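A closer look at the structure
What follows is each chain in one-letter form.
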Amino acid sequence: MIRLALSLIKFSFGEMEYEVLKNINQIIERDSKDTTYKFALLRATIEVIQEKSPHIVAKGDRVIMPVGLLVLKWLEYYYPIIEARLPQKSGDNLSTRTLTFRSQFEKLTDYYQNKGGYDVFYKDFIKCSYPSTLNTTIYYLCKSIRDTITKQPMRYIGGSISNNHYSIFKKVEGDQRLSKPNKLDVEFMIDRFGQFSIPKDYFSVFEYLGSFITGTHSILINWAKFTVAKGDRSLSMNKVLPKILQSPLNERDVSISSRIFDDYTQEIGPLYCVWSGKKIKDDRNIDHVLPFAVWRNNDLWNLLPSKKKVNGDKNDRIPDINLLNQSKDRIIDYWKYIYNQEPEIFTRELKVSLVNKELLDQKNWEIIAFDALKDKSRYLIETRGFEAFNL
């Protein structure tokens, strides 16, 4: 069914655009997650495109846009985040302030804190009516954002697809030297902050499907909006959306598996890491074969013993098909033991989330279940774009 759906997408949208969609998904899932910059860059680019900016120009097989429009979007995105002192980079906190432009941004949010916040700042900035005392702060903030955009996410985005820098976003070097104006305004940013380009096929995908990529027209957002519209005045998106997003399974539960593998060591002997095959001593972890962060599943078949270091190295990555094949005997042996310990739970969970009832009722259920596990892993890696794990 999944492959049929993907085939239909290929047919209706075009092979090139389909590949771009896969690349975008891979970028979101596999590219570095050290900062939120890549998310902000993709979101800003999509919004500029979908707003039909008059400053967009097609040239050859690429589409050119002003970097200044992205800076304006980043001011909008990061203002409430900086104002609330939320972390946006690994290690980003109030003591280190590792976000590139955080300290400059905080001067701005602190100034407008009791003056109406972002709404007032935005109106002042668009009208160029902000106090002259803020000119230096705003200029160097916007310049820092511009430099951050062009030197970091633009440079590295697509790293999981290509080893080349600027593989998707490319800077278009201008011939004008940047110097601080008497008062920075949006027109100056559009004209003087430089340009960037993206391939036309990416532009096409962003234009038609961008709102689904950013989530602004997602099913969940529209569901929340509908609920708010049909409810009483006390309802708001802030109240409704978290409930719709909430999963009934929020924690990793390995209690039954831990007990089962304790019994294993008493009855059979030492455990061996499902992935490395090395003997587990005092470093046992219960690993989610398909990571909990990717697929909230605490089924017994998905919980197998591993060495602590191996589990840490695997983290939220998906076991590679070759690794699964190398680990096949250990996986099946553990499954058989789990089945003997908890036949009803194990069988029910297999039938619900891994193999349909008709296939599972066959004599070689363990081979069928193993092949189904490989299919899930292959789908998560090749179609969904999650990073593969191998030793």
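This is a predicted model, so every value here is computed, not measured. (Residues numbered from 1 in each chain as written. Predicted model: local features only at pLDDT ≥ 70, side-chain atom pairs only at ≥ 80, totals over all residues. Heavy atoms only, no water.)

1. Side note on the overall build of the protein chain
- For the protein chain, the count of helices and strands is 19 helices and 8 strands.
- The buried share of the protein chain, reckoned over its 391 residues, is 45%.
- In the protein chain, the proportion of contacts linking residues at least 24 apart, taken out of those at least 6 apart, comes to 70%.
- By element, 50% of the accessible surface of the protein chain is carried by carbon and sulfur atoms, the whole surface being about 21,100 Å². (Helix = DSSP H or I, 4+ residues; strand = E, 2+ residues; numbered from the N terminus. Buried < 20%, exposed > 50% of the residue type's maximum accessible area, 1.4 Å probe, protein only. Contact = heavy atoms within 4.5 Å. Areas by Shrake-Rupley, 256 points an atom, 1.4 Å probe, with all protein chains shown as cover.)

2. Describing the nonpolar core
- With 59 residues, the main nonpolar core has W74, Y78, F105, F125 and L184 as its most contacted residues.
- The element best represented in this core is helix α4 (residues 67-83), accounting for 12 residues.
- If sequence neighbours within four positions are ignored, W74 has contacts with Y37, A40, L41, A44, Y79, F101, F105, I145, T148, I149 and P153.
- L300, A372, I381 and F386 belong to the second largest nonpolar core, which has 40 residues in total. (Core = buried A, V, L, I, M, F, W, Y, C linked by side-chain atoms within 4.5 Å.)

3. Regarding the pattern of salt bridges
- Taken as a whole and judged by the stated rule, the model has 17 salt bridges.
- With a closest N to O distance of 3.3 Å, E47 and K73 form a salt bridge. Highlighted residues: E47 in helix α3 (residues 37-50) and K73 in helix α4, separated in sequence by 26 residues.
- With a shortest N-O distance of 3.0 Å, R378 and D375 are connected by a salt bridge. In this pair, R378 and D375 both sit in helix α19 (residues 365-383), 3 residues apart, roughly one turn of the helix.
- Residue classification places R378 among the partly exposed positions, given a relative accessible area of 23%.
- Judged by relative accessible area, which is 43%, D375 ranks as partly exposed. (Salt bridge = Lys/Arg side-chain N within 4 Å of Asp/Glu carboxyl O.)

4. Some words on the sheet that holds strand β2 (residues 62-66)
- The sheet built from 4 strands is open, its strands ordered β1-β2-β4-β3 with antiparallel pairing. With one partner strand each, in any of the chains shown, β1 (57-59) and β3 (170-172) form the two edges of the open sheet. Across this sheet, the average inter-strand angle for adjacent strands is 35°, counted without regard to direction.
- As defined by bridge partners, β2 adjoins strand β4 (residues 195-199) across 5 bridges and the pair is classed as antiparallel. Following the sheet pairing, P66 is matched in β4 by Q195. (Pairing = 2+ DSSP bridges. Axes fitted to C-alpha atoms, helices over the stretch in contact; angles between N-to-C directions.)

5. Structural notes on the side chain of K314
- Mapped onto the fold, K314 is located in helix α14 (residues 308-314).
- For K314, a relative accessible area of 0% translates into the label buried.
- Apart from the residues within four sequence positions on either side, K314 is in contact with W275, D287, H288, V289, P291, P319 and F389.

6. So, the packing of helix α5 (residues 102-112) against helix α7 (residues 135-151)
- One can describe the packing of α5 onto α7 by two numbers: an axis separation of 9 Å at closest approach and a directional angle of 140°. With respect to α7, the element α5 is oriented oblique. Our pair here, α5 against α7, has a crossing hand that is left-handed. Residues Q104, F105, K107 and L108 of α5 form the contact with α7, whose participating residues are T137, I138, Y140, L141, S144 and I145.
- Partitioning the contact of α5 with α7 into residue classes produces 6 nonpolar, 3 polar and 1 charged. (Parallel < 35°, antiparallel > 145°, perpendicular 65-115°, else oblique. Left-handed = near helix turned anticlockwise from the far one by under 90°. Nonpolar A, V, L, I, M, F, W, Y, C, P; charged D, E, K, R; others polar.)

7. Things to note about the side chain of K307
- Within the secondary structure, K307 sits in strand β6 (residues 303-307).
- The exposure class of K307 is buried, given its relative accessible area of 16%.
- A distance of 3.0 Å separates a polar side-chain atom of K307 from the backbone oxygen of K279.
- Separated by 2.8 Å, the side chains of K307 and D283 make a polar contact.
- With near-sequence residues (within four places) excluded, K307 lies in contact with C273, S276, K278, K279, I280 and D283. (Polar contact = N/O pair within 3.5 Å; in protein donor to acceptor, adjacent residues only side chain to side chain.)

8. As for the packing of aromatic side chains
- If you walk through the whole model with that rule in mind, you get 26 aromatic pairs.
- Ring centres 5.9 Å apart and planes at 40° place the aromatic pair Y339 and W365 in the tilted group. Of the two residues, Y339 sits in helix α16 (residues 328-341) while W365 sits in helix α19, which places them 26 residues apart along the sequence.
- Assessed through its relative accessible area of 34%, Y339 is described here as partly exposed.
- For W365, a relative accessible area of 16% corresponds to the buried category. (Phe/Tyr/Trp six-rings, centres within 6.5 Å; stacked < 30°, edge-to-face > 60°.)

Fair warning: the whole summary comes from geometry, so function is off the table for now.
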